[in-house]
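Summary of structural features
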Amino acid sequence: MDKLTHYRQILRDLVTEYGSYKPSYGEIETEVLIDQTENHFQLLRVGWLNGTRVHGLTLHFDLINDKIWIQRNGTDREITDELMEAGVPKEDIVLAFHPQNVRQYTGFAVS
C-alpha cells in the first residue's frame, strides 16, 4: 500500500472512530465528512444544547503533499500520538493550527 492510501485509511478510521462517540448531552448529531478525492477528513457536531445552536468542527485533517495537516483538534486527546501509533512519522504531521513561524519549534513538520 502506498503512503497516501495508507494515510487516507488512517484518517478515515480515526474520524470514523471519533464519529461513533455520541455526546451525552443536548440534541447533538455527529457527522463524518470524508472527501478522499480532495483529501479532506472532518468530524462535525450539529444540533442544540440548552436552546443554543451547536455547529462546529471537532476534527479536521487534510492530506497535502503526502503529509497529514491537522487543521483542528477540538478533542481533549493527543491526536498526534494516535497518528504516530498508527505508523505516521512526526516529519509527516503538520500542526497547521500553529502559525508557520511557530511550527519549527513543535518537533513536527513545518509544511
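Scroll up to find the structure this text is about.
Just so it is clear, the model here is predicted, and its values are computed rather than measured.

Note: most residues except glycine have negative phi, and most peptide bonds are trans. We note that Asn50 has phi near 50°; this positive angle belongs to a residue other than glycine. Tracing the sequence through the fold places Asn50 in the loop between strand 2 (40-49) and strand 3 (52-64). Positive phi values are uncommon outside glycine, yet Asp66 reaches one of about 65°. Locating Asp66 in the fold gives a position in the loop between strand 3 and strand 4 (67-73).

Within the fold, Asp62 resides in strand 3. Here Asp62 occupies a buried position and makes no salt bridge, while the nearest side chain of opposite charge, Arg103, is found at 10 Å. A polar atom in the side chain of Asp62 sits 3.2 Å from the side chain of His60. Within polar-contact distance, the side chain of Asp62 engages the side chain of Gln71 at 3.0 Å.

Okay, helix 1 (residues 3-19) next. Relative to the 24 Å expected for 17 residues at 1.5 Å per residue, helix 1 spans 24 Å between its end C-alpha atoms, a close match to the ideal helical length. Taken as a whole, helix 1 has its buried residues at Tyr7, Arg8, Ile10, Leu11, Leu14, Val15, Tyr18 and Gly19. End-on, the buried residues of helix 1 take up no more than an arc of 165°, which puts them together on one face. Contact partners of the buried residues in helix 1: strand 1 (27-35), strand 2, strand 3, strand 4 and helix 2 (79-85).

What follows covers the pairing of strand 4. In the sheet, strand 3 pairs with strand 4 via six bridges, with the strands oriented antiparallel. Bridge assignment links Ile64 to a residue of strand 4, and that residue is Lys67. Hairpin connection, strand 3 to strand 4: the antiparallel pair is bridged by two residues, and Asn65 has positive phi, about 50°. When strand 4 meets strand 5 (residues 93-95), the two strands line up parallel, connected through three bridges. In the strand pairing of strand 5, Trp69 is matched with Val94. Read from strand 4 through helix 2 to strand 5, the crossover connection turns out right-handed.

Rules and cut-offs
Residues numbered from 1 in each chain as written. Predicted model: local features only at pLDDT ≥ 70, side-chain atom pairs only at ≥ 80, totals over all residues. Heavy atoms only, no water. Helix = DSSP H or I, 4+ residues; strand = E, 2+ residues; numbered from the N terminus. Buried < 20%, exposed > 50% of the residue type's maximum accessible area, 1.4 Å probe, protein only. Lys, Arg positive; Asp, Glu negative; His and termini not counted. Salt bridge = Lys/Arg side-chain N within 4 Å of Asp/Glu carboxyl O. Polar contact = N/O pair within 3.5 Å; in protein donor to acceptor, adjacent residues only side chain to side chain. Expected span 1.5 Å × (residues − 1). Arc of directions from axis to C-beta. Contact = heavy atoms within 4.5 Å. Pairing = 2+ DSSP bridges. Right-handed = clockwise from strand over helix to strand, strands pointing away.

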